[in-house]
Amino acid sequence: MRPSHVLTRVFSLVFLAAAAVFACVGSASAQTTEAASAADLKESFRREGLLPSSIRLWKGNAHYRKEDFGEALKEYQKADLQDPKTRFNAGAALYKLGDFDTASRLFETATDPGQTPRGMAPKAYYNLGNTLFRKQQFKEAAEAYKRCLLLDPSEEDCRHNLVLALRPREQQQKNDPQ
């Protein structure tokens with residue numbers, strides 16, 4: 001869930017926008033240049049793949065890092081929910097807000113390795129397992145953890161949570177997933 005690649009794009013586009021503004025200021029025909037610069041800026045956004053939805057995702061991530069999960073969710077909801085990253089991040093915000101039903105549905109949509117960015121499916125299974133564990137659906141949580149480990153055997157937290165999910169029911173209620 002690290003938005004470092006999006007952040008790099010945002011900074012490069014801000015630089016492009018600043019360059020476009022400075023170009024407009026020095027121009028004799030500012031209105032014509034301004035319109036052309038706006039079109040150029042829009043095209044550079046398109047070329048970089050940073051559309052308004054990506055900006056919403058970036059803003060949502062900024063709120064999430066500040067632990068303002070409600071505002072993060074609002075930004076994610078304004079973004080393209082067809083994007084697996086947006087659904088995954090919205091699921092994470094919902095999890096933090098305690099809406100485990102909706103969070104689990106969003107994590108389920110991000111578990112298909114063929115439809116999601118590389119490396120997202122194991123994280124989605126891990127988060128799905130945590131969500132199901134919170135809903136006390138321990139058998140289903142264990143299955144999600146197993147699928148995570150099949151895709152990424154190095155997930156030690158997942159291995160730990162799988163052990164918790166497989167424990168007898170009385171012990172499960174005393175433990176929370178990591």
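For the structure itself, look to the data block above.
Let me sum up the structure you'll find in this document. Small disclaimer: the values here were computed from a predicted structure and weren't measured.

Rules used throughout
- Residues numbered from 1 in each chain as written.
- Predicted model: local features only at pLDDT ≥ 70, side-chain atom pairs only at ≥ 80, totals over all residues.
- Heavy atoms only, no water.
- Axes fitted to C-alpha atoms, helices over the stretch in contact; angles between N-to-C directions.
- Helix = DSSP H or I, 4+ residues; strand = E, 2+ residues; numbered from the N terminus.
- Parallel < 35°, antiparallel > 145°, perpendicular 65-115°, else oblique.
- Left-handed = near helix turned anticlockwise from the far one by under 90°.
- Contact = heavy atoms within 4.5 Å.
- Nonpolar A, V, L, I, M, F, W, Y, C, P; charged D, E, K, R; others polar.
- Phe/Tyr/Trp six-rings, centres within 6.5 Å; stacked < 30°, edge-to-face > 60°.
- Buried < 20%, exposed > 50% of the residue type's maximum accessible area, 1.4 Å probe, protein only.

Axis separation between helix H3 (residues 52–65) and helix H5 (residues 84–97) bottoms out at 11 Å; the angle between their running directions is 25 degrees. Of the possible angle classes, the one that applies to H3 and H5 is roughly parallel. As for the relative orientation of H3 and H5, their crossing is left-handed in sense. Only Lys-85, Thr-86, Asn-89, Ala-92, Ala-93 and Lys-96 of H5 make contact with H3, whose side of the interface consists of Leu-57, Asn-61 and Tyr-64. A per-class count over the contact of H3 with H5 returns 4 nonpolar, 3 polar and 2 charged.

Scanning all chains against the criterion turns up 5 aromatic pairs. Plain terms: the ring middles of Tyr-64 and Phe-69 are 5.0 Å apart, the flat faces sit at 65 degrees to each other, and that makes the pair edge-to-face. For the pair Tyr-64 and Phe-69, a shared accessibility class is recorded, and that class is buried. Where Tyr-126 meets Tyr-145, the ring centres are 6.3 Å apart and the plane angle is 50 degrees; that geometry is what we call tilted.

Everything listed here is a matter of geometry and, on its own, says nothing about what the molecule does.
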